[in-house]
Amino acid sequence: MSATPVTHPTTAPTGTGTGTTDAGPDLEPVLAAVRVGRTEELPALIAPLGAAARRTLLAALKALRAESRRWDRNRWREREIMRPALLVAGAGCHTGAAAAATWLAGRDLRSWQPLPVDLLLDLLRDRDPDWLADVAGRLAARAATAEDDYPFISELVRISGGPVPTTDAFVHGWVRSKTSAKNLHTDPHARDLVPRLFETAEPAPVLAWRSDPDDPHHWPSALAALAESGAVARRVLVDGCTARLLRGGRPNQLAFYLVLLRRLELTAAEEQERAADWIAMAADGPGAVAGHAQEVLARLGVAGTLTVGQLAEMSGLVLFRPEKKFVRAQLVLLGKVLRRDPQARHELLPLVAGVFGHEDTALQERALKLVAAHLMPEDEALREELADRATLLSPVHRPLAAEVFGTATAGSPDDAALPYEELLPPVPVRTRLGGPPSVAETVELVAAVLKARTPDLTEYERAVDGLVRHAAGRRAELAQALEPVVADRWWYGVAHAAPDQLLGLDVVAAAVLGRVRAQDLRPGRPHRRHGHPRDCVHEALGAVVLDRLREAAERIASDPLPFLLATPTWDTGSLEPDELIARLTAYQEAGIRPAPTDFAQALLRVRRDQAAAPAAAALGTREGRRLADWLRTDGEPARTVREVREPNSRAVQWWERARQAVRRIVVETGERLVIQREFPAVFHPLGRPHTEGSRCYHWTDESALRRGVLPEDRETLAAWAMTAVTAAATSEERGAGEELPRLAELGGPAGPVLHLAVATGLGARHTEDRLAAVDALLVLAARHELDAALLGRDLAELLRLGTVKPNRLADAARTAAATGAYATTWAVLAEALPPLLADPAAARRGAGELLATAADCVERTGATGPVPSGLADMAARGGTSRLLTQAARLHTALTASGAGPDGPGLVR
């Protein structure tokens, strides 16, 4: 509503647009109270005002609100003091429900404190009930604020007598407001809002906190009591829980509904009525939900109220879940049903045979014995159907399968005679960067790099190359095309930007547009540091990337280069020696002085091929001789030394204590004097000795650029990554493993440090890091660079130290083998197992799984060679534990394949 024009006898205060008038009351006391935050005085000041005066005051309040939005950060305290007063005063002046709700929900009028409910109600209590109910409904519909505003909205509903809002945010606010669930039976909103607990898009967070049976405010018990008293229909709760569990979600979100369902103690009839729901939950639900559903269905199945068709549908889904406990429980249930109803075998036994291909040989055996127990002599057609699936069984079970199905159908002899063939992934194909980009392509590359959160090395290097090339001959055209792309960068409107504030590609683009001066880019000027430890290798690699860009920008501004020497040949960052020699030749013919940082980066990127050294020396230039020396001996990676570091529980920083409180292997890189003596100063940290220092943390958005500094020295990069990879195995850290497959694809020797990093990654805490380590292992194997025995010995030491846990290694080994790399996996495990077998605590969690994977590999490959030390003794102990049964299985498989005395095995 527009403000009524008034005449001001005196000058209005800045930003208010009003003062006293001849015809109306003086509004200045109200505005003064608002400015200084005297919120509690406002109801008394506004209540006497008529409609016209409130409209005038509202206009002034809107002007004051607009003015406060323009205040700079130095007036933040004044703004915070004024916010609640401005909110209350404006609410009291609005006459329309929609406008009042919009004003009350304004984010710029909110502070960290809740709404002043009592003051607002004092101002609005005398309004029409329908108006109050309308405001309540509109506020409840605002998802961003309704939960916090629940106390105020609830009071508006109470005063107006209007309908209870049922929006998600209002329901969440209602739940949060209940300090005790015991008084739900007296809550006037319970009948309307309890059904909505099962329908909101996201469950109310408080419900997850109030599901603990020991909680005195246990919501499931309170809701069950409502159903018992009849305040809420029992069916509403039961149907709501099952519907919510069927929708799925995070386990912590579903826990409340599962606890409530159990607390309601469903009758057999209620469970039978929802059989289809239980089947769906057992198939796709999270572990706890699926477990409960399977328990319910098992009760129905044993009681005979579950039809064979329903049981078959359930089994066809549950038997293919990855969790072994569900498969095991389902086989037990099927056994009970088959004993009660033998005629069900024709429908159920084919489903049991589906377990023949399970990765767990113990489950294979259980399924095979179940089939043997219930298959009748007259079931010729069924026997033939099941025999076809018996070929999926592990070789260890083939003798029993031959007894059950007959020797002719228990696996093809021709298949057994075929030699094993290892399946490895294809070798990663390197991609050339392509030719020099045009001006238009350069601008597109610059735009992509500036917008990308994680720059791609190929795009980044081509963008830099294009900027340098075209700045030398077509700078005006390049600058004109570049302007629209960089118009939103902070430095675009600056005459001379400070180079130390320009990061990444910005410094080169700014040089092309003349926004940075050459003298500000001269070598030796300090770079910004980011608070990382002095020995932080990430900072050192990032400094090299930035220094090369600053150098390129300086040459654009003073003495343009026709192209850069260090632009890679391949997408890994590597540079072919003949290509670098050709570029140096072109520089020599044109009389161009190479840029020191660019040439040093080229040396670190060049593929070391001694055959190219004579051609480099033949250039007759200083750079040619340095390149020749680098290709011969100077470019050899730094020596590395590894040691076992004892626990240190006295680390100063708390985040360091968890990492240093365990025994671990640390790697020290040796000194590279040639880098410290002949390279520019920014490279010197890369040539200094480095060992485990303070843990540094970096975003991974520039990891590709950092790897591109040393693409031919993956051993050094692996040594520097060891701290993070070890932390991923010994603590809750995640993400370090993703570097491993990328390191495996780089150039340079695949030496002991890279193998150690991969071994450590195979025992990482989180699945995604273990998967990345498996990828690295397979890449090395596909490139014929994997030393399986070395990797196995590293794993043996890491298992002994406790850095790698058997269950995690078992998961990684099983994943690697499942890709078809059974021989590779066994070659690794053959060296890793002896120390584990000799350990008195070998029954640790996962050791049996590791032996099962090893046995599977041996059975599939027909591996021959000596039996790992300690295996024969463990196999002879007998017993039914997972560890002992799998030890006996592995021993049987190796000796059946012709293994000799104790010692590591070989691959046929």
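Residues numbered from 1 in each chain as written. Predicted model: local features only at pLDDT ≥ 70, side-chain atom pairs only at ≥ 80, totals over all residues. Heavy atoms only, no water.

Chemist: It is not clear to me how the overall build of the chain should be interpreted in this structure. Could you clarify?
Modeler: Counting secondary structure elements, the chain contains 47 helices and two strands. A buried classification covers 51% of the 908 residues belonging to the chain. The contacts in the chain between residues at least 6 apart in sequence include a share of 71% that link residues at least 24 apart. On the chain, roughly 40200 Å² of surface is accessible, and the fraction owed to carbon and sulfur atoms is 53%. (Helix = DSSP H or I, 4+ residues; strand = E, 2+ residues; numbered from the N terminus. Buried < 20%, exposed > 50% of the residue type's maximum accessible area, 1.4 Å probe, protein only. Contact = heavy atoms within 4.5 Å. Areas by Shrake-Rupley, 256 points an atom, 1.4 Å probe, with all protein chains shown as cover.)

Chemist: Teacher, can you tell me more about the side chain of His172 here?
Modeler: Here His172 is to be found in helix α9 (residues 168–177). In this view, His172 contacts Glu147, Thr200, Glu202, Pro203, Ala204 and Pro205; residues no more than four positions away in its chain are not counted.

Chemist: Explanation requested: the pattern of salt bridges in the structure shown.
Modeler: Pairing between side chains of opposite charge can happen when their charged atoms approach one another. Using the criterion set out here, one finds 64 salt bridges in the structure. For the salt bridge of Arg176 with Glu147, the shortest nitrogen-to-oxygen distance reads 3.6 Å. Note that Arg176 is positioned in helix α9 and Glu147 in the loop between α7 (129–140) and α8 (150–160), a separation of 29 residues in sequence. Judged by relative accessible area, which is 23%, Glu147 ranks as partly exposed. Between Asp856 and Arg860 there is a salt bridge, with the nearest N and O atoms lying 3.1 Å from each other. Here Arg860 and Asp856 lie together in helix α45 (residues 847–861), a separation of four residues that amounts to about one turn. Judged by its relative accessible area of 14%, Asp856 falls in the buried class. (Salt bridge = Lys/Arg side-chain N within 4 Å of Asp/Glu carboxyl O.)

Chemist: Is there a simple way to explain the packing of aromatic side chains in this structure?
Modeler: Between two aromatic rings, the relevant description is the distance of the centres plus the angle of the planes. The tally for this structure, following the rule as stated, stands at eight aromatic pairs. Ring plane angle 55° and centroid distance 5.8 Å describe the contact between Phe198 and Tyr257, whose orientation is recorded as tilted. Of this pair, Phe198 sits in the loop between α10 (190–193) and α11 (205–209) while Tyr257 is found in helix α14 (residues 251–264), placing the two residues 59 residues apart along the sequence. Residue class for Phe198 comes out buried when judged on its relative accessible area of 5%. Residue Tyr257 is classed as buried on the basis of its relative accessible area of 0%. Ring geometry for Phe563 versus Tyr587: centroids 5.2 Å apart, planes at 50°, classification tilted. Of the two residues, Phe563 sits in the loop between α29 (537–558) and α30 (577–590) while Tyr587 sits in helix α30, which places them 24 residues apart along the sequence. Within the aromatic cluster, the residues linked to one another by ring pairs are Phe198, Phe256 and Tyr257. The lysine or arginine in question, Arg432, covers the ring of Trp570, its NZ or CZ lying 4.6 Å from the ring centre. (Phe/Tyr/Trp six-rings, centres within 6.5 Å; stacked < 30°, edge-to-face > 60°. Lys NZ or Arg CZ within 6 Å of the ring centre and 35° of its normal.)

Chemist: I keep staring at the environment of Arg69 and nothing clicks. Help me out?
Modeler: By the secondary structure assignment, Arg69 is in helix α3 (residues 51–69). Here Arg69 falls in the exposed class, since its relative accessible area comes to 53%. In the structure, Arg69 is positioned 10 residues away from Arg79 in sequence and 8.6 Å away in space, judged by C-alpha atoms.

Chemist: Help me out: how do you make sense of the packing of helix α5 (residues 97–104) against α7 in this one?
Modeler: The geometry of a pair of packed helices is captured by two quantities: the angle between their axes and the separation between those axes. Running from N to C, α5 and α7 cross one another at 45°; their axes reach a closest spacing of 9 Å. Of the possible angle classes, the one that applies to α5 and α7 is oblique. Taken as a pair, α5 and α7 cross one another with a handedness that is right-handed. Contact with α5, carried on its side by Ala97, Ala98, Ala100, Ala101 and Leu104, involves Trp131, Asp134, Val135, Arg138 and Leu139 of α7 and no other residues of that element. Across the contact of α5 with α7, the residue classes tally to eight nonpolar, no polar and two charged. (Axes fitted to C-alpha atoms, helices over the stretch in contact; angles between N-to-C directions. Parallel < 35°, antiparallel > 145°, perpendicular 65-115°, else oblique. Left-handed = near helix turned anticlockwise from the far one by under 90°. Nonpolar A, V, L, I, M, F, W, Y, C, P; charged D, E, K, R; others polar.)

Chemist: Help me understand the environment of Arg783 in this model?
Modeler: Looking at the element boundaries, Arg783 is found in the loop between α41 (767–782) and α42 (788–801). Counting along the chain gives 38 residues from Arg783 to Glu745, while the straight-line C-alpha distance between them is 8.9 Å. Apart from the residues lying within four places of it in its own chain, the contact partners of Arg783 are Val427, Arg714, Ala744, Glu745 and Leu746. One polar contact links the side chain of Arg783 to the main-chain carbonyl oxygen of Ala744, over a distance of 2.9 Å. (Polar contact = N/O pair within 3.5 Å; in protein donor to acceptor, adjacent residues only side chain to side chain.)

Chemist: Is there a simple way to explain the packing of helix α19 (residues 324–340) against helix α21 (residues 361–374) in this structure?
Modeler: For the pair α19 and α21, interaxial distance at closest approach is 11 Å and the crossing angle is 10°. Overall, the two elements α19 and α21 adopt an arrangement that is roughly parallel. Across from Lys324, Val327, Arg328, Leu331, Val332, Leu334, Gly335, Leu338 and Arg339 in α19, the residues of α21 making contact are Leu363, Arg366, Ala367, Leu370 and His374.

Chemist: I tried to follow the pairing of strand β2 (residues 664–669) on my own but got confused; where do I start?
Modeler: Where a strand is regular, its side chains alternate between the two sheet faces. Counting buried positions along β2 gives five out of six residues, so the element sits mostly inside the fold. Pairing of strand β1 (residues 640–645) with β2, which is carried by six bridges, proceeds in the antiparallel orientation. By the bridge assignment, Glu643 is partnered in β2 with Val666. (Pairing = 2+ DSSP bridges.)

Chemist: Explanation requested: helix α25 (residues 439–451) in the structure shown.
Modeler: Residues lying three or four places apart along an α-helix face the same way, a consequence of the helix completing one turn every 3.6 residues. Between its first and last C-alpha atoms α25 spans 18 Å; for 13 residues at 1.5 Å apiece the expected length is 18 Å, and the two agree. Those residues of α25 lying buried are Val439, Thr442, Val443, Leu445, Val446, Val449 and Leu450. The buried residues of α25 occupy an angular sector of 160° when projected down its axis, which confines them to one face. In this structure, α25 carries Glu444 and Lys451 as exposed residues pointing more than 90 degrees from its buried face. (Expected span 1.5 Å × (residues − 1). Arc of directions from axis to C-beta.)

Chemist: Mind showing me how you'd approach the nonpolar core here?
Modeler: Buried together is how nonpolar side chains tend to be arranged in soluble globular proteins. Formed by 147 residues in total, the largest nonpolar core has its most connected members in Leu604, Leu627, Phe683, Leu686, Trp826, Leu833 and Leu890. In terms of nonpolar packing, the next biggest core, distinct from the first, is built from 128 residues, Val238, Ala312, Ala353 and Val355 among them. (Core = buried A, V, L, I, M, F, W, Y, C linked by side-chain atoms within 4.5 Å.)

Chemist: Can you help me understand α21 in this one?
Modeler: In a regular helix each residue adds 1.5 Å, so 14 residues correspond to 20 Å; α21 covers 20 Å between its end C-alpha atoms and thus fits that length. Residues of α21 that are buried include every one of Thr361, Leu363, Gln364, Ala367, Leu368, Leu370, Val371 and His374, and no others. Lining the buried residues of α21 we find α19, α20 (345–353), α22 (380–389), α23 (398–405) and α47 (882–896). The backbone nitrogen of Ala362 has a side-chain oxygen 2.9 Å away, supplied by the residue at the start of α21, namely Asp360.

Chemist: Looking at this structure, how should I read the confidence of the model for the chain?
Modeler: Fine structural detail should not be taken from predicted coordinates in areas where pLDDT scores are low. The pLDDT averaged across the chain works out to 87; a share of 90% of its residues lies at or above 70. Segment residues 528–533: pLDDT under 50, and 11 contacts once partners within four positions in sequence are set aside and those in other chains are kept. Note on residues 898–908: pLDDT under 50 across the span, and 39 contacts to partners over four residues away in sequence or across chains. (pLDDT = per-residue confidence, 0-100.)

Chemist: For this particular structure, what's the right way to read unusual backbone geometry?
Modeler: In this structure, Glu265 takes a positive phi of about 50° despite not being glycine. Along the chain, the position of Glu265 falls in the loop between α14 and α15 (268–273). On the accessibility criterion, Glu265 (62% relative accessible area) is exposed.

Chemist: Would you take a moment to explain the side chain of Asp520 for this structure?
Modeler: Position of Asp520 relative to the elements: it lies in the loop between α28 (506–512) and α29. Of the polar contacts made by the side chain of Asp520, one reaches the side chain of Arg517; its length is 3.0 Å.

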